[in-house]
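Spelled out from the first residue to the last, the chains are:
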Amino acid sequence: MENEPKHELFNQYPRLEELANHETVLWENTKREKKVQTNHFSMGEVKEAEETLKRFSAYLKIAFPELLESKGLIESSIQDIPFMKKALEKEFDVLLPGQFILKCDHALPISGSIKARGGIFEVLRHAERLAIAKGKLTKEDNYAVLATEEFQSFFQQYTIAVGSTGNLGLSIGIMGKKLGFNVVVHMSSDAKEWKKTLLREKGATVIEYDADYSVAVEQGRREAEQDPMCHFIDDENSKDLFAGYAVAAKRLKAQFEKTNITVDKAHPLFVYLPCGVGGGPGGVAYGIREIFGEHAHIFFAEPVASPCMTMGLMTGLHDEISVEDIGLNNKTEADGLAVGRASKFVGKVMETYVSGCYTVKDEELFKSLALAMEVEGLFLEPSAHAGMFGPIQLMKNGQSYLEKHDLVDKMEQATHLIWATGGSMVPVEMREEYMAKAMQVAKINQ
Ligand SMILES: *Cc1c(COP(=O)(O)O)cnc(C)c1O
């Protein structure tokens, strides 16, 4: 289906034309500020989220024995990927100075994607609020009681609903069902079959739409409104989700300290975050800029067919502009990023926080998928590979950004943190399918 673009938009914002032509672009945010500040959110909320997660650790260890080792904390490691850096330099014919570090959210426990941060946190917080409101729990209790039969039947009275391209539904379904909730997941057409199957096996109700993410969210929201016992997890507006994602930054700081990674004027940090509606990357970016300050440079990555956040920030229109408005169809193999309209809440906050956005082509995602398998033995889902193109975009098209921020002579000491957002739950057959596609892309490009 082709969409008729609104031509007046191109006159007003000329760079939209490049996006409309599926070009890969690096857009620099001139509104970025050294000292960040927002009235829409606070670090107090992040601290509260962190404390809530701590209270739940006793329960999580029982519900998910894989969390025993981490003492009930849902966290991922950071990892050097020197071979990937070399492979990308060669494949894309560009020098990439600095150290490549992968943030391994693809391997987050419980649901294998960045949604195991925000999504699971909002389910836990909702459960806590319900239990406290009904006098069944206090914050001083040992939350291990939540694993008992009594709490299971208590939560069974309630429903949690969500609209998703896949991974958010997966996280909320797994966590919600484990606690005893009824869970209804409204899935967009790009959601992968295996995610729906897995959710149904866990006992969640999956409603499929022959439409994109925005429609699935809207339908979910509308249905949930009619049921007072139902809590809708609103991926487009939720501050709880945002807070859960932001906790990552506090923990990252500790990981950097432990591994002697410095962030200061002489050692800039670049963070590359795959972006869908914006909540995940937005929350992480918020926390990182608040904690690491001006020497943290954040870039959001989007597929050429779905650059909703790039458009929203570039025009300042946020959720008042969609990729369909410039004739794009929002069809991408990067299913977690197949979002046509960005979150207004996140976009507004990010106006002064992010350094910019860039777009990548699906075929590049598959190229990266094959390279990572070959040189690092690393599997990430296609969406998660969007982050790998950050350093390439920055070194090829970001010269003016580097000059403006006095970074040119500091790149050898830079850290490139590539946020791997999903992949460990992808079944073997699906991985093979992705690999076959990657090989096909490689052949076409030879
Ligand atoms: C959801 C998702 C993202 C982006 O998160 P948003 O909150 O939608 O912006 C990135 N990568 C993967 C794998 C995801 O599932």
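Residues numbered from 1 in each chain as written. Predicted model: local features only at pLDDT ≥ 70, side-chain atom pairs only at ≥ 80, totals over all residues. Heavy atoms only, no water.

Draft legend 1. Here's a closer look at the packing of helix α3 (residues 43-63) against helix α7 (residues 167-179). It is the contact of α3 with α7, at a shortest axis distance of 12 Å, that shows an interaxial angle of 95°. Considering their axes alone, α3 and α7 lie roughly perpendicular with respect to each other. Between α3, through Y59, L60 and A63, and α7, the contact on the second element is made entirely by M175, K178 and L179. A per-class count over the contact of α3 with α7 returns five nonpolar, no polar and one charged. (Axes fitted to C-alpha atoms, helices over the stretch in contact; angles between N-to-C directions. Helix = DSSP H or I, 4+ residues; strand = E, 2+ residues; numbered from the N terminus. Parallel < 35°, antiparallel > 145°, perpendicular 65-115°, else oblique. Contact = heavy atoms within 4.5 Å. Nonpolar A, V, L, I, M, F, W, Y, C, P; charged D, E, K, R; others polar.)

Draft legend 2. Region of the structure containing the sheet that holds strand β10 (residues 356-360). Pairing is mixed across the open sheet formed by seven strands, whose spatial order is β1-β10-β9-β8-β11-β3-β2. Single-partner strands in this sheet number two, and they are β1 (26-28) and β2 (78-80). Pairs of neighbouring strands in the sheet enclose a mean axial angle of 25°, with direction left out of account. Bridge count for β1 against β10 is three bridges, and the pairing is antiparallel. Looking at β10, one finds that L26 is bridged to Y358. Those strands touched by helix α12 (residues 308-315) are β1, β9 (296-303) and β10, and its axis lies near 125° from that of β9. (Pairing = 2+ DSSP bridges.)

Draft legend 3. Spatial organisation of the domain arrangement of the protein chain. Domains assigned within the protein chain are domain 1 (6-41 + 73-111 + 246-444) and domain 2 (55-69 + 114-239). Relative to domain 2, the C-alpha centre of domain 1 lies at a distance of 27 Å. A combined buried area of about 2600 Å² lies between domain 1 and domain 2, and 60% of that area is made up of carbon and sulfur atoms. Counting across the domain 1 and domain 2 interface gives five salt bridges. Close ionic contact of K192 with E333 constitutes a salt bridge, the shortest N to O distance being 3.9 Å. Applying the counting rule to domain 1 against domain 2 returns 12 residue pairs in polar contact (both at pLDDT 80 or more). Taken together, the residues of the side of domain 1 that touches domain 2 sort by class into 18 nonpolar, eight polar and 10 charged. (Domains from an automatic or database assignment. Buried area = accessible area lost by both parts, 1.4 Å probe. Salt bridge = Lys/Arg side-chain N within 4 Å of Asp/Glu carboxyl O. Polar contact = N/O pair within 3.5 Å; in protein donor to acceptor, adjacent residues only side chain to side chain.)

Draft legend 4. Structural view of the pairing of strand β11 (residues 415-420). Where burial is concerned, most of β11 is hidden: six out of the six residues are buried. Neither face of β11 is left uncovered, since the one carrying T415, L417 and W419 and the one carrying H416, I418 and A420 both have all their residues buried. Across six bridges, the pairing between strand β3 (residues 99-104) and β11 is parallel. Note on β11: the bridge partner recorded for L102 is I418. Of the strand pairs in this sheet, strand β8 (residues 269-274) and β11 are connected by four bridges, and their pairing is parallel. Pairing of L269 across the sheet is with T415, part of β11. (Buried < 20%, exposed > 50% of the residue type's maximum accessible area, 1.4 Å probe, protein only.)

Draft legend 5. Quick peek at the pattern of salt bridges. Scanning the entire structure with this criterion turns up 30 salt bridges. Residue R125 is joined to D240 by a salt bridge in which the shortest nitrogen-to-oxygen separation is 3.1 Å. Pair noted here: R125 is in helix α5 (residues 115-133) and D240 is in helix α10 (residues 239-258), with a separation of 115 residues, a long-range link. The exposure classification of R125 matches that of D240, with both residues buried. The network of salt bridges with shared partners includes E75, K103, D105, R117 and R251.

Draft legend 6. Spotlight on empty space enclosed by the protein. Across all of its chains, the model carries three cavities of 30 Å³ or more by this definition. Here the largest cavity defines a volume of roughly 240 Å³. Those elements that place two or more of their residues in the lining of the largest cavity are α7 and α11 (279-292). Top contributing element to the lining of the largest cavity by residue count: α11, with three residues. Residue classes in the lining of the largest cavity are distributed as 10 nonpolar, 12 polar and three charged. Each of domain 1 (6-41 + 73-111 + 246-444) and domain 2 (55-69 + 114-239) contributes no fewer than three residues to the lining of the largest cavity. (1 Å grid on protein atoms, 1.4 Å probe; cavity = no way out; pocket = protein on both sides within 12 Å on 5 of 7 lines; lining within 4 Å. Points joined across faces, edges and corners; volume = space filled by probe spheres on them.)

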